[in-house]
Amino acid sequence: MSPPIAPVGWSRWLVPPAALAIHLSIGQAYAWSVFKPPLEDALGLSGTQSALPFQLGIVMLGLSAAFGGTLVERRGPRWAMTVALVCFSSGFLLSALGAATEQFWLIVFGYGFVGGIGLGIGYISPVSTLIKWFPDRPGMATGIAIMGFGGGALIASPWSAQMLESFGSDSSGIALAFLVHGLSYAVFMLLGVLLVRVPRPTGAPTAMEQAADGLPATPAGPQVSARQALRTPQFWLLWVVLCMNVTAGIGILEKAAPMITDFFADTSTPVSATAAAGFVALLSAANMAGRIGWSSTSDLIGRKNIYRVYLGAGVLMYALIALVGSSSKPLFVLCALVILSFYGGGFATIPAYLKDLFGTYQVGAIHGRLLTAWSTAGVLGPLIVNWIADRQEEAGKHGAELYGTSLFIMMGLLVVGFAANELVRPVHPSHHLDAVTPEKGAPDVGRRQQSEPA
């Protein structure tokens, strides 16, 4: 499948809606916590076990993005979006079969493994294309698309809760909800597949054609291949930054519905299942707003400064939840919303951070490799929160006491991420394409850069 080249006059503003169609669909992953309590009741699972499909999905997201990043760059966004559509929808259909037959392993395999591949390929499918269409505002461009991933649960959470209420929360009702998800998302993702276009190859458009497309002149800067990026300390520092920020946010997100219920279970104003689903939707809205708001702000104040906000202020938010969160529902909700806005902003800003450090050449492949940090965080965050909560419950504790230790651990992780961000410096010129010789393993890089499709 050849990348669809945009004709002269094609508006670059048609590309973000194509990306949104994919990201709003795969963003359903953030609504997984709505399915946790029904699955636990229907199949007799623990909180740790019911998190497995989500955890494996995030692991496969990072791994498929890392191993498929170069292939996505070579074959283009339409191919990648098609693969994402098939895998993500198939994952739901397999999960529906698993729920109907009460085979939890099939839900883990379908939603986690197969669907997770769709998550990873779909997530990176538009990133490098957007950066090439919007070289003047990379933070805003990637924020527009990636906010869809954060906003997916804003749609999926109440939708899933309503389906479970209508179909029932037993295994057959869960199976039917999974089936409807799989078929509906396939149709919606197809819109993105049909709409997406890539710019003409570097150097091909004339100045008049660039003006017709609304494209600014591509700014000069460092250009580093994906292979060379892995050899720089900057890549691994950003890996730590992303991993710490994601671990701190995803632990709350995956456990959101049961967490707010537990926090206020012993108060005069307990949280109902419907209100908990609404809380998940609110978190999704904050996640989505942070992706476009904070990433656009990074175009003004710089990537390092915005990560100082994410990581530094995040510590304060966690401290407030841990110390006084259970005494004030508005404070708990407000702090959680701020944390999730930082979480989403971190995801949306990282492609622009990579573009600043490594340039636009193979930025999609570099981004894919960096998302292995998300895989790690996808295991660490839910594992920390769920495992500690299960152990505390076995010890006879309840309510907010289930989460105190986890919250302090998250604060420590954010401090580690803050320190890593402070160590980031510009990439040494020896790693730039024009400095890498054939003897160092990158022959004919200049010719390859011009011949590879966008």
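Residues numbered from 1 in each chain as written. Predicted model: local features only at pLDDT ≥ 70, side-chain atom pairs only at ≥ 80, totals over all residues. Heavy atoms only, no water.

(A) Structural context of the overall build of the protein chain. Helices and strands together make up the secondary structure of the protein chain, namely 20 helices and 0 strands. In summary, the protein chain has a C-alpha radius of gyration of 22 Å against a globular reference of 22 Å for 454 residues, a match within 12%. By principal-axis analysis of the C-alpha atoms, the protein chain measures approximately 65 × 45 × 40 Å. A burial count over the protein chain gives 57% of its 454 residues as buried. Approximately 16400 Å² of the protein chain is accessible, and the part contributed by carbon and sulfur atoms is 67%. Distance between charge centres in the protein chain, computed from 25 positive and 23 negative side chains, equals 12 Å. (Helix = DSSP H or I, 4+ residues; strand = E, 2+ residues; numbered from the N terminus. Rg over C-alpha atoms; globule rule 2.2 N^0.38 Å. Buried < 20%, exposed > 50% of the residue type's maximum accessible area, 1.4 Å probe, protein only. Areas by Shrake-Rupley, 256 points an atom, 1.4 Å probe, with all protein chains shown as cover. Lys, Arg positive; Asp, Glu negative; His and termini not counted. Charge placed at Lys NZ, Arg CZ, Asp CG, Glu CD.)

(B) A look at the environment of Gly312. Among the secondary structure elements, Gly312 is positioned in helix α15 (residues 303-324). Among the residues examined, Gly312 registers a relative accessible area of 30% and is labelled partly exposed. Sequence separation between Gly312 and Leu414 is 102 residues; the distance between their C-alpha atoms is 7.3 Å.

(C) Broad picture of the pattern of salt bridges. Across all of its chains, the model carries 5 salt bridges by this definition. Between Arg303 and Asp299 there is a salt bridge whose closest N-O contact spans 2.8 Å. Its salt-bridge partner being Arg391, residue Glu394 comes within 2.8 Å of it at the nearest N-O pair. Remark: Arg391 and Glu394 occur in helix α18 (residues 372-394); sequence separation between them is 3 residues, near one turn of the helix. Exposure remark for Glu394: the relative accessible area of 61% places this residue in the exposed category. The exposure class of Arg391 is partly exposed, given its relative accessible area of 29%. Overlapping salt bridges bring together Asp299, Arg303 and Asp356 as one network. (Salt bridge = Lys/Arg side-chain N within 4 Å of Asp/Glu carboxyl O.)

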